[in-house]
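# Residue-level structural notes
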Amino acid sequence: MTIFERYLTVWVLLCIVAGIGLGHLMPGLFAAVASAEVARVNLPVAALIWLMIIPMLLKIDFAALGNVKEHWRGIGVTLVVNWAIKPFSMALLGSVFIGHVFAPMLPASQLSSYVAGLILLAAAPCTAMVFVWSNLCEGEPHYTLSQVALNDVIMVFLFAPLVGLLLGVASISVPWTTLLLSVLLYIVVPVVISQLWRRALLRTKGGALERTLRVLQPVSLAALLGTLVLLFGFQGEQILKQPVVIAILAVPILIQVYLNAGIAYWLSRRLGVAWCVAAPAALIGASNFFELAVAAAISLFGLDSGAALATVVGVLVEVPVMLSVVRIVRATRRWYEAGLPA
């Protein structure tokens, strides 16, 4: 991990402070940013999100889908957790904790929006950061690459209907036109651009792809931090009035991460999956594509919505909680391998 990645939580906290401060000092600037919309898509934020997502997708080699059959049990475990368990468990956790347990401590007008943000977060399996987590736990690289490529393909087709279904179950009005536009803008178009760019770089000799990725990595993270400053610039007043909101939103996210990592790890052991595949399977099953979730929340509900704030909390806890999962799977390797079939 780079220093920037290792201390992502620190940078996010600094963005919270900067965003809140700038929001109070320059309300006119933030109002101008908020008004720069076309078809409910905020253009400055859209540009920042493309700078976040495209460099990450540039790392993905969709030719790796040909290796899926080599690790079919690990692939199957992660697919079940990512698409059949995680979004539904988050919808349940959000409804229980946000809609009932902590509801008296939260602004009533934002309850459904908070739940929507949590659903968006869980419906998008992680892509780029998974490579970092897999490397830290000595995961099987071909499995990780093929699983991420497969998840990206599935997201193109399942993200919108899955989110629409869960938002409907949670009794939240689904703006289908905006949702489909978000999928087009933040999944389909970036995937196409990144893959065409990747092919062009691979045709260029001298390690052009690796050099480009090194250049774009800080650009991607800077775009993420810039987006967070804008979000907290709009959310600042609400956060100052309700500082416990972030802690409350973190509760279902933390439970969801450890629950789904545990399910993936346990299922892998029961099915006799090698530890080098089970470890990244647990991490892929638990982590989220928070860049996509932030983009979709902004498009669907607005920069100053509870949904956008909920997805940002996912960014805030991502690094420390996923590092803890890495430590857990590494510490339990002997226990895991002792239970594998002979």
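An account of the accompanying structure is given in this report. Being a predicted model, the structure only gives us computed values, none of them experimental.

## Observations regarding the overall build of the protein chain
From N to C terminus, the protein chain includes 15 helices and two strands. Taken over the C-alpha trace, the protein chain has a radius of gyration of 19 Å; the compact-globule value for 342 residues is 20 Å, and the two agree within 12%. The principal-axis extent of the C-alpha atoms belonging to the protein chain is close to 65 × 50 × 35 Å. Expressed as a percentage of its 342 residues, the buried residues of the protein chain come to 57%. Put simply, of all contacts in the protein chain between residues at least 6 apart along the chain, 86% involve residues at least 24 apart. Working note: accessible area of the protein chain is about 13,900 Å², and carbon and sulfur atoms make up 70% of it. If you average the places of the 19 positive and of the 13 negative side-chain charges in the protein chain, the two averages end up 6 Å apart.

## Looking at the pattern of salt bridges
By the definition in use, this model includes three salt bridges. Between Arg-330 and Glu-138 there is a salt bridge; the shortest N-O distance is 3.5 Å. Remark: Glu-138 occurs in the loop between helix 7 (128-136) and helix 8 (141-169) and Arg-330 occurs in helix 14 (residues 306-331); sequence separation between them is 192 residues. Residue Arg-330 is classed as partly exposed on the basis of its relative accessible area, which comes to 39%. Of the residues examined, Glu-138 reaches a relative accessible area of 48% and is grouped as partly exposed.

## Quick look at the nonpolar core
Judged by nonpolar contacts, the single largest core of 118 residues is most densely connected at Ile-98, Trp-133, Phe-159 and Leu-228. In terms of residue count, the dominant contributor to this core is helix 14 (16 residues). Core analysis: the next-biggest nonpolar cluster, separate from the first, contains six residues, Leu-201, Leu-209, Leu-213 and Leu-216 among them.

## Focus: helix 12 (residues 275-286)
Across its twelve residues, helix 12 extends 16 Å between first and last C-alpha, which sits within 8% of the 16 Å expected from 1.5 Å per residue. Among the twelve residues in helix 12, eleven count as buried, and that is most of the element.

Thresholds, definitions, all that
Residues numbered from 1 in each chain as written. Predicted model: local features only at pLDDT ≥ 70, side-chain atom pairs only at ≥ 80, totals over all residues. Heavy atoms only, no water. Helix = DSSP H or I, 4+ residues; strand = E, 2+ residues; numbered from the N terminus. Rg over C-alpha atoms; globule rule 2.2 N^0.38 Å. Buried < 20%, exposed > 50% of the residue type's maximum accessible area, 1.4 Å probe, protein only. Contact = heavy atoms within 4.5 Å. Areas by Shrake-Rupley, 256 points an atom, 1.4 Å probe, with all protein chains shown as cover. Lys, Arg positive; Asp, Glu negative; His and termini not counted. Charge placed at Lys NZ, Arg CZ, Asp CG, Glu CD. Salt bridge = Lys/Arg side-chain N within 4 Å of Asp/Glu carboxyl O. Core = buried A, V, L, I, M, F, W, Y, C linked by side-chain atoms within 4.5 Å. Expected span 1.5 Å × (residues − 1).

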